[in-house]
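Structural overview
The primary structure of each chain is shown beneath.
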Amino acid sequence: MEEMMPEYNLLDEKWIECIDSAGKPIEMSIRQILTEAQHVKRLTNSIPLVNASVFLLLETILIRSLHNVGIALNDYDEWFEGYKAGAFDTKILDDYFREWYTRFYLFDEEYPFWQTKIEGDKYIGSAMKLLPHYSGGTGGNSATLFDHNTEKKGISLLKKEAANYLLAAHQYGAGGRIIGDDYFSESLPCNGLSFFIEGENLFETLYLNLLPYPDLVDLPTKPGDCPIWERDNPDDICGRNSIVEGKKKSYQPLGLLDLLTWPGRKIQLLLGEDHYVHEIKMRSGIRMIGQTFPWYAYNQKGYYIRAQLDYAVWRDYAVLLQFHEIVSGEGDKSRSPYPVQWLHEIKRAGGSFDKTLSLSALGMARESGKQNVFFYSEQHLPLPQEYLAERDLVIDIAEQIKLSESVQKALTKTMMIFAETMLSFNADR
């Protein structure tokens, strides 16, 4: 009897939630969403971490496939020509998908997508462990604040849900003891806000976030840099440089593609007889040396911007436009997200996008030093092109934000004094 092919290939199955240019909710495969990105408005999963994770996956595929055919993403003119094309080259994508098609099966016996075969039952846990907001999940929540699933009851994930949550578990996995005795390190993007430039459709959004690979200043590209699904042994050290931190050994990514698909944890989805994913296996993977994340923004002290309760991200707008120390003083370590820096350079080189641009900030807020997740965050900010090119505007923004902060502090102090006086026992005097 002829052996059946592994089921559920992410290149063909419709598992990515989005809306088309007419505003209609649809689901697409990887192949469809990239070849028709100009007809898609944006990703629309209800969980911001999932949208960010899918977006980073699509970016990885694009960078790898374009670089493979010699497209110089680090060249201003060549990068801008690709943007003006208005759509991705389907031949380039089809050639890449044809070469690596078998590596995109979600439940393949030999190479399940971004997974590792884990022996024994010691590391089996609920599929709720894939996302931090579930009660008893990786976030350590003890109350059903976001949903009514409990670890005792468990959860049943459709294959498309399992695919989405698998990505989020890799990109936004929390640290600590989650399954078994392993201690998991935190995924690189999991604590801060990731800032993505948004265009008028998904093609523009994806292209505007294509970095000048392989010439990233903070992340040099070394031989062997590739997405994890191209590795025959994804858990191998693969020649990465290492350092010893205390009792633990950490490794440096070989480049951007290695960083975006880092094997920080080993995960295996377990498909039940009912074709739902109820359980997973998970173990700790390779620990990463501390890195800057290209889609992060860093403040004056060098700390990445986080999601905070009652704190709108526009208050850090000057940091998002920090180009070559325009608004910085001595010792200022602020840095805008890498895609914003790259667009600034494109504008200085004469590029003009003639479109409305904006920034989306995606992430989650957690209790400091703990796994408890307070909320997911998704905020949007306008990004007028003038701000990418005119130095005086950036300086004005920084000064006005500084003024608004000082007024806020003065008003808060005044209202506290007023309230204290009104509520005191001697208020009538």
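Worth saying up front: this structure is predicted, and the values here are computed from it rather than measured.

**Re helix 2 (residues 48-68)**
- The end-to-end C-alpha distance of helix 2 is 30 Å, a good match for the 30 Å that 21 residues give at a rise of 1.5 Å each.
- Most of helix 2 sits out of view: 19 of its 21 residues are buried.
- Following helix 2 by one or two positions, Gly 70 adopts a phi angle in the positive range, close to 90 degrees.

**Concerning the sheet that holds strand 11 (residues 373-382)**
- Strand order in this open sheet of three strands is 5-10-11, and the pairing throughout is antiparallel. Because the sheet does not close on itself, it has two edges, and the strands there are strand 5 (194-198) and strand 11. Averaged over all adjacent pairs, the angle separating strand axes in this sheet is 15 degrees, with direction ignored.
- Alignment of strand 10 (residues 358-366) against strand 11, held across nine bridges, turns out to be antiparallel. Residue pairing for strand 11: Ser 358 is matched across the bridge by Pro 382.

**Some points on the packing of aromatic side chains**
- All told, the structure shown has 26 aromatic pairs when counted by the stated rule.
- Between the aromatic rings of Phe 88 and Tyr 207, the centroid separation amounts to 6.2 Å while the plane-to-plane angle is 25 degrees, which identifies the pairing as stacked. Note that Phe 88 is positioned in the loop between helix 3 (76-84) and helix 4 (90-100) and Tyr 207 in helix 6 (residues 202-208), a separation of 119 residues in sequence. Exposure class is identical for Phe 88 and Tyr 207. Each is buried.
- Ring geometry for Tyr 101 versus Tyr 105: centroids 5.7 Å apart, planes at 85 degrees, classification edge-to-face.
- For Tyr 105, a relative accessible area of 6% gives the class buried.
- Every member of this aromatic cluster is reached through a ring pair, and the members are Tyr 76, Trp 79, Phe 80, Tyr 83, Phe 88, Phe 203, Tyr 207, Trp 342 and Phe 353.

Parameters and conventions
- Residues numbered from 1 in each chain as written.
- Predicted model: local features only at pLDDT ≥ 70, side-chain atom pairs only at ≥ 80, totals over all residues.
- Heavy atoms only, no water.
- Helix = DSSP H or I, 4+ residues; strand = E, 2+ residues; numbered from the N terminus.
- Expected span 1.5 Å × (residues − 1).
- Buried < 20%, exposed > 50% of the residue type's maximum accessible area, 1.4 Å probe, protein only.
- Pairing = 2+ DSSP bridges.
- Axes fitted to C-alpha atoms, helices over the stretch in contact; angles between N-to-C directions.
- Phe/Tyr/Trp six-rings, centres within 6.5 Å; stacked < 30°, edge-to-face > 60°.

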